Amino acid sequence: MKNKKIIFAILVTLLSFLPLAAEESPMKGWYYEPSIQLNGKYFTFYSKSYNEQDGYALVLGEKLHYWLYDTLSYHNGNASEIYNKIIPKWVENMGYVIDYDNIHVSNPNTALASSVRALMKQRGANISVTLCTKENYKTNVDYVVINEYLPGKDLYKTTIYYLYR
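Numbers given for residues are sequential positions, taken from 1 along each chain in its written order. It should be noted that, the model being predicted, local features are given only for residues of pLDDT at least 70 and side-chain atom pairs only at 80 or more, the latter also being counted only at that level, while totals for whole chains, interfaces and linings use all residues. Computation of side-chain values covers all heavy atoms of the structure but excludes hydrogens and water.

Right, let's talk about the side chain of serine 49 for a bit. Along the polypeptide, serine 49 turns up in helix 3 (residues 46-49). Should any heavy atoms of two residues lie within 4.5 Å, those residues are considered in contact. Leaving out residues up to four positions away in the same chain, serine 49 has contacts with Tyr32, Leu38, Phe43, Asp70, Tyr74 and His75. A helix here means a DSSP run of H or I that spans at least four residues, while a strand means a run of E at least two residues long, and both kinds are numbered starting from the N terminus.

Here is the structure:
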């Protein structure tokens, strides 16, 4: 009986650490002060105004976790806050620094995986963001990938921020 209690206590302790291992939302903790009106609707949280969602896509045999955003409905397609404010702060909070001298942009990106395109379309998102780390995806360097669908041009742009700890 005593061994079962010890095993149970260890299991509960281990399970309590699982949320710490999960990747937090890039917009967690971001809010408008005061609330902001965008296209006739009031928002307090950034995540609501960008319709933040998450999902998964298979890319080159790897299951990648994506954060998805809609900048068209309430931000007139302007994604500058995501690129210049939200993502930099998100990675800094995880202990990274962006290598600003080596940002890679593919515009247009004709090689974007069809699974990512499908995920973005399915979720009504024109922005997708994924964090690729050496530990999770067996890469040589950690990096963030931001894919943006540009509806006026009917193409995708991909920006890669290389990260260092």
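A pair of Phe, Tyr and Trp rings is counted when the ring centres sit within 6.5 Å of each other, with Trp represented by its six-membered ring. The angle between the planes then sorts it: under 30 degrees is stacked, over 60 is edge-to-face, the rest tilted. Counted by the stated rule, this structure contains five aromatic pairs. Relative to tyrosine 162, the ring of tyrosine 143 lies with its centre 6.2 Å away and its plane at 55°, an arrangement referred to as tilted. One end of the pair, tyrosine 143, is in strand 8 (residues 142-150); the other, tyrosine 162, is in strand 9 (residues 155-164), with 19 residues separating them in the sequence. Judged by its relative accessible area of 19%, tyrosine 143 falls in the buried class. Residue tyrosine 162 is classed as partly exposed on the basis of its relative accessible area of 24%. An angle of 50° between the planes, with centres 4.9 Å apart, marks the rings of tyrosine 149 and tyrosine 156 as tilted. One aromatic cluster in this structure is built from Trp30, Tyr32 and Tyr46. Whether a charge sits over a ring comes down to the Lys NZ or Arg CZ being within 6 Å of the ring centre and within 35 degrees of the ring normal. In this arrangement the basic side chain of lysine 63 is found over the ring face of tyrosine 56, its NZ or CZ atom lying 4.7 Å from the centre. Note that arginine 165 overlies the ring of tyrosine 96, its terminal NZ or CZ placed 4.1 Å from the centroid. Buried, partly exposed and exposed residues are distinguished by accessible area as a fraction of the type maximum, computed with a 1.4 Å probe on protein chains only: under 20%, between the cut-offs, and over 50%, respectively.

Moving on, we get to the pairing of strand 2 (residues 41-45). Strand pairing is assigned whenever DSSP identifies at least 2 bridges connecting the two strands. Where strand 1 (residues 31-38) and strand 2 come together, four bridges link them in antiparallel fashion. Bridge pairing in strand 2 places isoleucine 36 opposite phenylalanine 43. The hairpin turn running from strand 1 into strand 2, its antiparallel successor, is two residues long, and asparagine 39 in that turn takes a positive phi close to 50°.

Per-residue confidence from the predictor is reported as pLDDT, which spans 0 to 100. Per-residue confidence for the chain gives a mean pLDDT of 88; residues scoring 70 or more make up 86%. Every residue in residues 3-21 scores below 50 in pLDDT, and together they form zero contacts with partners more than four places removed in sequence or on other chains.

Let us look at the environment of tyrosine 69. Relative to the assigned elements, tyrosine 69 resides in strand 4 (residues 62-69). Its relative accessible area of 0% is what places tyrosine 69 among the buried residues. The contacts of tyrosine 69, once residues within four sequence positions are left out, are Pro26, Met27, Tyr50, Glu52, Ile82, Ala125, Asn126, Ile127 and Val129. In protein, a polar contact means a hydrogen-donor-capable atom and an acceptor-capable atom, both N or O and within 3.5 Å, with residues adjacent in sequence counting only if both atoms are side-chain atoms; elsewhere, any N or O pair within 3.5 Å suffices. A distance of 2.6 Å separates a polar atom in the side chain of tyrosine 69 from a polar atom in the side chain of glutamate 52.

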